[in-house]
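In case you want the letters, here they are:
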Amino acid sequence: MKLMKSLFLSSAAGLVAMSGAQAADLPLKAKAVEYVKVCSLYGAGFYYIPGTDTCLKLGGYLRADMGINTNSVFSGNTSGLGGAQNRLSNDFTWRARANLNLDTRTATEYGVVRTYFDANYTWTSGGYNGLGNGATAYDSAVNGGVSNGQLGLNFAFIQFAGFTMGKAVSLFSTPWGAYPGNIYDGLVGGGGTTSQGVNQFAYTAEFGNGVSASVGVQDPSAYYQPGIRNLATAAQGNFGYGASAYGGTRAPDVVGQIRVDQAWGLFQVSVAAHNNNPAYYGADQTTGGPGDKWGWAGQLGLQIKNIPTGPGDTINISGVYTNGASGYNFQELSGPAAGATIYSGVTGVGYGFAPDSVYGPVVGDQLQLVSTWGMRGAFTHNWNPYWSSSVFGAYAAVSYTGTAKALMCAGMTASNYGAGIVTCNPDYNIGQVGANLRWTPVRNLTFTTEAVYTMLDQKYAGTVNAASTSLAKPAGPYTLKDQDTWTVMLRAQRNW
């Protein structure tokens, strides 16, 4: 018995010794993998960046568009090859777009520090410009001259302690911007879009109960300068309106906003001050130039929710007035409507321009600020969880001072372009109406069909000579008259 007990203990001791020796040869145990954790502080979709207290959310979309009876997909046939309405105009135009956005947020003793980035990569089919000899050439400018697409930066900003710094939505814009219920980009009648930001430095104060006030300065050069027309250059073309002649940017636009957000909707008041700084009367600095002038814009926005027609239904409407700040009515993607040249058949044409201001060709002529007003709105109805639709419209009116009209008409009627004008009045109105139908068969996948009609109500009478080599238009004469055009959009979009 003692012998068996001794053998058993000896064997056990040997096994323990061997195990200890083998364990000494094993590598150290690896640290536990730090898995990505959900961040619930800022809503769904946020995750902690491993090893930090910063939360990150990735998002974006893929989109396929086909525009019928348009050369630009987003703005309709109101100028250029589309406005020519001849064999060089596209019956349809295609676009594909991929979007990526990154939203980071970090809690600090000063509040949340947020950074936001949003960019597109887009391919849009182009058109064919006439060369004046029976040949045409493909226009790749819609893709920035890049044969395989175009990058676009929509937003890039930092928010900290109430301040917003970088490329963000303008304080002047309503939350729906140029899209009260539509996918068409070219609606007139209000401030900038919400699809593109503007460089700015702004501060927002929250007063509680949904009341806030914001003030800031923003860069006008990219989106809010539709033109200062130098009438001394009228003989060079542009139907007597002259070429644009901005001087350097002397001051940022000053923008303010007061907003009330409630369960029933929201109400917003926005204002902006915009500096008009012209270049020279002539070709160089020795000719001098008119002094600069400040223009301004004001906007009211109203959203009504929880209306009796159904859950989720909304009404969005805004109205704007500008004087020397036309870009706050004709937002950046409606640019062609602010410089509309629409032909009908082979004998008709309509013109409309909406610059910030104009000045005459004589030394001493001062800036004449252009006034505009407009409105846009939409009603959106949800038929059921899968189907919804909107009806929408927009309107804008442009008026020049008596002095501006006299200077412009003197140049027009004296030129070869406008020698046949009987009634000279550069004022004009433009109206747009449309409707769409959306189907969302599964979450975040939507198919949309939308139709838009645009009418240009111009005030001229008579004829003009309006030759254009690139549009294959002979000299004319063309009868000045009201014009209209239409476009249909088909879209598939998957958000993620």
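For the structure itself, look to the data block above.
What counts, and at which threshold
Residues numbered from 1 in each chain as written. Predicted model: local features only at pLDDT ≥ 70, side-chain atom pairs only at ≥ 80, totals over all residues. Heavy atoms only, no water. Phe/Tyr/Trp six-rings, centres within 6.5 Å; stacked < 30°, edge-to-face > 60°. Helix = DSSP H or I, 4+ residues; strand = E, 2+ residues; numbered from the N terminus. Buried < 20%, exposed > 50% of the residue type's maximum accessible area, 1.4 Å probe, protein only. Lys NZ or Arg CZ within 6 Å of the ring centre and 35° of its normal. Pairing = 2+ DSSP bridges. Salt bridge = Lys/Arg side-chain N within 4 Å of Asp/Glu carboxyl O.

Enquirer: Could you clarify how one ought to interpret the packing of aromatic side chains in this entry?
Expert: The description of an aromatic ring pair rests on the distance of the ring centres and on the angle between the ring planes. Applying the stated criterion across every chain, the model contains 16 aromatic pairs. Ring centres of Tyr224 and Tyr328 lie 4.3 Å apart, and the angle between their planes is 25 degrees; this geometry places the pair in the stacked category. Placement of the pair is Tyr224 in the loop between strand S10 (211-218) and strand S11 (228-230) and Tyr328 in the loop between strand S16 (314-323) and strand S17 (339-344), with a sequence separation of 104 residues. There is no split in this pair, since Tyr224 and Tyr328 are both buried. The structure contains a cluster of three or more aromatic residues connected by ring pairs, namely Tyr116, Phe155 and Phe157. When the ring centre of Tyr48 is taken as reference, the NZ or CZ atom of Lys37 above it lies at 5.6 Å.

Enquirer: Help me understand the sheet that holds S11, please; the structure alone is not making it clear to me.
Expert: The strands making up a sheet associate through backbone hydrogen bonding, with each pair oriented either parallel or antiparallel. Read from one edge to the other, the open sheet built from four strands follows the order S12-S11-S19-S20, with strand pairing classed as mixed. The open sheet has two free edges, formed respectively by strand S12 (243-244) and strand S20 (368-369), since each of these has just one partner strand. Sheet topology places strand S19 (residues 357-359) next to S20; two bridges connect them, and they run antiparallel. Bridge pairing in S20 links Ser357 to Leu369.

Enquirer: It is not clear to me how the pairing of strand S13 (residues 253-262) should be interpreted in this structure. Could you clarify?
Expert: A regular strand places its side chains so that they alternate between the two faces of the sheet. By the bridge criterion, eight bridges tie S10 to S13 in an arrangement that is antiparallel. Bridging from a neighbouring strand, Ala213 pairs with Ile258 of S13. Where S13 lies against strand S14 (residues 265-276), nine bridges are found, and the strand directions are antiparallel. Looking across to S14, one finds that Arg259 is bridged to Gln268. The hairpin turn running from S13 into S14, its antiparallel successor, is two residues long.

Enquirer: Would you take a moment to explain the pattern of salt bridges for this structure?
Expert: Pairing is possible between side chains of opposite charge, provided their charged atoms come close. Throughout the structure, instances matching the rule amount to five salt bridges. Two residues, Asp65 and Arg491, come together in a salt bridge whose shortest N-O distance is 2.6 Å. Taken as a pair, Asp65 in strand S2 (residues 54-68) and Arg491 in strand S28 (residues 483-495) lie far apart in primary sequence, 426 residues in all. Judged by relative accessible area, which is 10%, Arg491 ranks as buried. Linking Lys459 and Asp457 is a salt bridge whose minimum nitrogen-to-oxygen distance equals 3.0 Å. With a relative accessible area of 31%, Lys459 lands in the partly exposed category. On the basis of relative accessible area, Asp457 is assigned to the buried category, the value being 18%.

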